[in-house]
There are 2 protein chains.
Amino acid sequence: MSAQNTRNRIIEAADRLFYERGFEATSFAEIAAAVDLSRGNFYYHFKTKDEILEAVLVRRDQATRDMLVAWEGAADTPVERILAFVQMLIVNQAKIMAFGCPIGGLSNELAKLSHPAKAEAIGLFLLFRDWLAGQFVALGRVQDAQELALHLLMRSQGVATLATAFGDEAFVRREVADMTAWLAAQVAATGQTLGS
Amino acid sequence: MSAQNTRNRIIEAADRLFYERGFEATSFAEIAAAVDLSRGNFYYHFKTKDEILEAVLVRRDQATRDMLVAWEGAADTPVERILAFVQMLIVNQAKIMAFGCPIGGLSNELAKLSHPAKAEAIGLFLLFRDWLAGQFVALGRVQDAQELALHLLMRSQGVATLATAFGDEAFVRREVADMTAWLAAQVAATGQTLGS
DNA sequence: GTCTATATCAGGATAGAC
DNA sequence: GTCTATCCTGATATAGAC
């Protein structure tokens, strides 16, 4: 097994465990066990836990960029692209109900720990915000694109948090429908301000 | 110092630390230090960490009920009462930006840990949901009171999460204004369904 | 590149003196 | 009711053999 390959498997497992159990709550032993590696050998690939976190964040950053590019390719209009974002709540419903949003969860945990990598985790939020803002600009909402993007991001975070707490599928469907209706209203109200 | 008094001080410090740093990340030593107590003596009051968590949850439950009763007393109309809930985002802005929502944060952490006290933490959400639903019923929205309550709870969670991530005061003010406008629209649309 | 063995440390928890 | 001293466990991290 090449070092690169093993390294990637470690990052992949750490990514999943950090999401499902949290960063602090995940031990080296768990990651090592997940990739069938001895704890000793683990340190050949990563010296510290923060190094793994860093690698996971880079991986998530790239995965997010790739996903956004894929959404661009899969849809022809800004509205359809924004809906791809909203649909994430349905597509990833099972995972969100069990573990919440990976970005929101990690950002919050790192904020509480005053962890140096906090800014990088928040950077993942920025990728979505800026991409969404770009779609709203394309939609003609140049003035308040950023605000609209944050509003949508806010809703997705709120839905994720309550979905985790209550495990209520009907709630998720209802809120996704409401976000879709909200989006349609924004399209109709091009040039006006948020909420009007 | 009476045992009861010391016990209360421990619960108070644990409540704050669980909020500011997270449950797992808070050690016995930190709580003991916060109340100027030796680690040994600590165990006279609480045998296990879960026992402290339990006491903190009971305290939060009571504090929440008290706050809801206070809101009832301070406002005469359901709309004003619901606005008291929304205004929490402004009143507690500094803490929310630093540490997020105490209920959302704890629920999420306990969910990931599959902790037995998870249901109790979610119970705090239910206090707000049911109280808000009661206000919407009083407002004449009998049919969809529960849905409206969850929608508002969802928004407050989303705002809290992004406020923690971005520390953007203008964003919080804007979203609070938007929630206020949304509420006014619900009052105007009594009898209709969410989002319409 | 992978292993076993081990050092080191922190956190949870207990015993017993005062 | 409070303290000091101590144990145990699990987690990070290292050394060195293969």
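Our subject in this report is the structure included herewith. (Residues numbered from 1 in each chain as written. Chains lettered and ligands numbered in written order. Predicted model: local features only at pLDDT ≥ 70, side-chain atom pairs only at ≥ 80, totals over all residues. Heavy atoms only, no water.)

### Section: the protein's contact with DNA strand D
Around DNA strand D, a shell composed of 18 residues is seen, among which Phe28 and Tyr43 of chain A together with Ala3, Ser38 and Tyr44 of chain B lie nearest. A share of 58% of the atoms of DNA strand D within 4 Å of the protein falls on sugar and phosphate groups. One nitrogen or oxygen atom from the side chain of threonine 6 of chain B is found 3.5 Å from a phosphate oxygen belonging to DNA strand D. One of the backbone nitrogen or oxygen atoms of serine 38 of chain B is found 3.0 Å away from a phosphate oxygen of DNA strand D. Of all the elements in the fold, those that place two or more residues in the surface near DNA strand D are helix H3 (39–45) of chain A together with helix H1 (3–21) and helix H3 (39–45) of chain B. For the surface near DNA strand D, the element with the most residues is H3 of chain B, which contributes four residues. Across the surface near DNA strand D, the residue classes break down as six nonpolar, ten polar and two charged. (Near = heavy atom within 4 Å. Polar contact = N/O pair within 3.5 Å; in protein donor to acceptor, adjacent residues only side chain to side chain. Helix = DSSP H or I, 4+ residues; strand = E, 2+ residues; numbered from the N terminus. Nonpolar A, V, L, I, M, F, W, Y, C, P; charged D, E, K, R; others polar.)

### A look at the nonpolar core
Phe85 and Phe136 of chain A together with Phe136 of chain B are the most contacted members of the largest nonpolar core, which has 127 residues in total. Setting aside chain neighbours within four positions, we find phenylalanine 136 of chain B in contact with Ile82, Arg141, Val142, Ala145, Leu148, Ala149, Leu152, Trp182 and Leu183 of chain B. (Core = buried A, V, L, I, M, F, W, Y, C linked by side-chain atoms within 4.5 Å. Buried < 20%, exposed > 50% of the residue type's maximum accessible area, 1.4 Å probe, protein only. Contact = heavy atoms within 4.5 Å.)

### A word on the relation of the copies chain A and chain B
When chain A is fitted onto chain B, the two copies agree to an RMSD of 0.0 Å after a turn of 180 degrees and an axial shift of 0.0 Å. Expressed as an axis order, the relation between the two copies is that of a two-fold axis. Closest approach to the rotation axis among the C-alpha atoms of chain A is made by glycine 158 of chain A, whose C-alpha sits 1.8 Å away. The share of interface residues of chain A whose copies in chain B are also at the interface is 100%, consistent with both copies meeting through the same surface. (Least-squares fit on C-alpha atoms with pLDDT ≥ 70 in both.)

### With respect to the interface of chain A and chain B
Listed per partner, the contact involves 40 residues of chain A and 40 residues of chain B. With both chains or domains summed, chain A and chain B bury close to 3300 Å², and 66% of this area falls on carbon and sulfur atoms. On the surface where chain A and chain B come into contact, there are zero salt bridges. Taken together, the links from chain A to chain B amount to four residue pairs in polar contact (both at pLDDT 80 or more). Those elements giving two or more residues to the side of chain A that touches chain B turn out to be helix H1 (3–21), helix H6 (93–99), helix H7 (102–112), helix H8 (118–138), helix H9 (145–166) and helix H10 (169–188) of chain A. Of the residues assigned to the side of chain A that touches chain B, the class counts are 19 nonpolar, eleven polar and ten charged. (Buried area = accessible area lost by both parts, 1.4 Å probe. Salt bridge = Lys/Arg side-chain N within 4 Å of Asp/Glu carboxyl O.)

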